[in-house]
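Each chain is listed here by its residues.
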Amino acid sequence: MIEIQQEFLKCMRCGNCQAVCPIYKETKMEAEVARGKIQLIKGVTEGVLKPTEYLAEKIATCLTCLACQENCPSGVNYEKILLYGRDYLAKENGLPPVKKAIFKVLRKPRLFNFGLKMASRFQGLAMKKVKGRSGRKLRFGLLEDHENRLLPEFSKETLVEKARSKQTSGKEKLLYFPGCMINNVYVNVGEAVIDVLKHNGAQVVVPEKQSCCGTPARVHGDIESAKSLGRYVIDTYLATDADYVITSCSTCGVTLRQGYVELFTDEPEYLEKAKKLAEKTRDINEYLVEKGFIRPKKLNLKVTYHDPCHLNRKLKVNKQPREILKAVLGGNFREMKKPATCCGGAGSFSLTHYPLSKAIGRKKALDIIETGAEVVATSCPGCMLQLNDALAKQGSNIRVFHVAELLAEGYKEK
Ligand code: SF4
Ligand code: SF4
């Protein structure tokens, strides 16, 4: 608590966070920008404010894009304050029953994976295919305002299943952590990651035991579920001796590199293990540039790049994807005006706050369209989902790919 109080004190209420907050730009509400939220969290944890549902909703209305933190002259650790506030409110108010039920299932990886498998079999009941686009739309208004939202399809075969037959030898042993989205939805991204790593001479193993990294639970204040998943991932990925653990999802990468170390400060055994895992973990872009990747044949495509917030601001991985894209595209790579602005996806935020998420996504789509690119590349499946929907809403045919997919394509051309 003392640490958090010191963070509260650092905020001098200058309002610099307002200038860069995607949510504040849409709503103009003080309670929805870092400065306002800090005061609300301070008030509720010091007993001046009541932990009402209204207050919990204001604290929930954040993309955790950390643009505010990057732009804060006082160096306030806003993320620390926000997560503390969410944990506090989850303890005071309890989690909403839907979230509680979701995280309960999430904590049981076998049950969760079985649920996703069933979703892949029966997705046709709830979602219809969209003509001329890859993706589906909900058949009924299951969630408010979601009827026209373009969603990706669940894959019939998971990445783990597909990778089973592809084990090979190589000079470095890499364990790949695909995360829920790539293992179940963007399986083609996972296959491209494996192809690219193998092309660069590595042995790639995808462990059979897969689970969510725990971030959705962590950011909603369910620490116990996040820890339970963290222990599962740590034990699975330290059980096999590997040179590196590779991630290709911005959020999973940050969780394995930094999140578990922050989560297990009060559990010495797991803190040590979390540090070991963190040392071994690399985002795919980072690994390839660090090792000096094999140059691909150039693709004749105009491509721009969207920076996933966490990869860019937390892991500082922003030059590496550009270096790879320039190797694949040469002069056909073009920057958008604001490549590092949040796309509005932010994981489950786009489910719980879709109208706001959609408005933020619209600005990102317009920025992408303005570049004249045929493809927007990124390094996070969550961003891919949001960008696909945002571009479709603008009637654009710009395609969305992971950087690894373009590099894999460049290798095929060789
Ligand atoms: S920019 Fe930093 S110091 Fe200024 S109001 Fe926002 S959080 Fe406080
Ligand atoms: S993390 Fe992003 S959305 Fe949340 S307050 Fe900061 S700038 Fe706004």
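A few points on the structure. Since the model is a prediction, treat every value here as computed from it, not as a measurement. (Residues numbered from 1 in each chain as written. Chains lettered and ligands numbered in written order. Predicted model: local features only at pLDDT ≥ 70, side-chain atom pairs only at ≥ 80, totals over all residues. Heavy atoms only, no water.)

1. Topic: the sheet that holds strand E4 (residues 202-205)
Reasoning step 1: The four strands are arranged E4-E3-E5-E6 in an open sheet whose pairing can be described as parallel. In the strand order of this sheet, the two ends are held by E4 and strand E6 (281-283), each with one partner. For this sheet, the mean inter-axis angle between neighbouring strands, taken without regard to orientation, is 35 degrees.
Reasoning step 2: Sheet topology note: the strand E5 (residues 244-247)/E6 ladder contains three bridges and is parallel. Paired with Ile 246 across the two strands is Arg 282, which belongs to E6. (Pairing = 2+ DSSP bridges. Helix = DSSP H or I, 4+ residues; strand = E, 2+ residues; numbered from the N terminus. Axes fitted to C-alpha atoms, helices over the stretch in contact; angles between N-to-C directions.)

2. Examining the site of ligand 2
Reasoning step 1: All residues adjacent to ligand 2 are Cys 21, Pro 22, Ala 34, Cys 62, Leu 63, Thr 64, Cys 65, Leu 66, Cys 68 and Tyr 78.
Reasoning step 2: Among the residues forming the shell around ligand 2, the class breakdown is nine nonpolar, one polar and no charged. (Near = heavy atom within 4 Å. Nonpolar A, V, L, I, M, F, W, Y, C, P; charged D, E, K, R; others polar.)

3. A few points about the environment of Thr 247
Reasoning step 1: Position of Thr 247 among the secondary structure elements: in strand E5.
Reasoning step 2: Through-space distance from the C-alpha of Thr 247 to that of Leu 175 is 8.9 Å; in sequence the pair is 72 residues apart.
Reasoning step 3: Those residues in contact with Thr 247, other than ones at most four positions away along the chain, are Phe 177, Cys 252, Gly 253, Leu 256, Thr 281, Arg 282, Asp 283 and Ile 284. (Contact = heavy atoms within 4.5 Å.)

4. Focus: a nonpolar patch on the surface
Reasoning step 1: On the surface, a nonpolar cluster with roughly 270 Å² of combined accessible area is contributed by Val 105, Leu 111 and Phe 114.
Reasoning step 2: Within the secondary structure layout, Phe 114 lies in helix H8 (residues 109-126). (Patch = residues over 30% accessible without salt bridge, like charges linked within 9 Å, V, L, I, M, F, W, Y side chains within 5 Å. Areas by Shrake-Rupley, 256 points an atom, 1.4 Å probe, with all protein chains shown as cover. Salt bridge = Lys/Arg side-chain N within 4 Å of Asp/Glu carboxyl O.)

5. Observations regarding the sheet that holds strand E9 (residues 399-402)
Sheets are built from strands paired through backbone hydrogen bonds, the pairs being either parallel or antiparallel.
Reasoning step 1: Taking strand neighbours across the sheet as the criterion, the three strands line up as E7-E8-E9 in an open arrangement whose pairing is parallel. The open sheet has two edge strands with one neighbour each: strand E7 (303-305) and E9. Taken over all neighbouring pairs, the strand axes of this sheet differ in orientation by 30 degrees on average, direction set aside.
Reasoning step 2: Here strand E8 (residues 375-378) pairs with E9 via four bridges, running parallel. Within E9, the position partnered with Val 376 by the bridge is Val 400.
Reasoning step 3: Taken strand by strand, helix H22 (residues 403-412) contacts E7, E8 and E9, and its axis lies near 85 degrees from that of E9.

6. What to know about empty space enclosed by the protein
Reasoning step 1: Taken as a whole and assessed by the stated rule, the structure comprises four cavities of 30 Å³ or more.
Reasoning step 2: Computed from the structure, the largest cavity encloses a volume of approximately 230 Å³.
Reasoning step 3: In terms of lining, the largest cavity is formed by 18 residues, of which the most central are Glu 79, Thr 215, Arg 218, Thr 255 and Gly 259.
Reasoning step 4: Breaking the lining of the largest cavity down by element, the ones donating at least two residues are helix H6 (78-93), helix H12 (215-219), helix H14 (250-263) and helix H17 (309-314).
Reasoning step 5: Sort the elements by how many residues they give to the lining of the largest cavity and H14 lands first, with seven residues.
Reasoning step 6: Each pocket or cavity is described by its volume, and for the second largest cavity that value is around 130 Å³.
Reasoning step 7: Around the second largest cavity, the lining comprises 17 residues; the ones closest to its centre are Cys 11, Cys 17, Ile 38, Cys 72 and Val 76.
Reasoning step 8: Looking at the lining of the second largest cavity, the elements that each hand over two or more residues are helix H3 (34-45) and helix H5 (67-70).
Reasoning step 9: Broken down by element, the lining of the second largest cavity gets its largest block of residues, three residues, from H3.
Reasoning step 10: Of the residues belonging to the lining of the second largest cavity, the class tally is eleven nonpolar, four polar and two charged. (1 Å grid on protein atoms, 1.4 Å probe; cavity = no way out; pocket = protein on both sides within 12 Å on 5 of 7 lines; lining within 4 Å. Points joined across faces, edges and corners; volume = space filled by probe spheres on them.)

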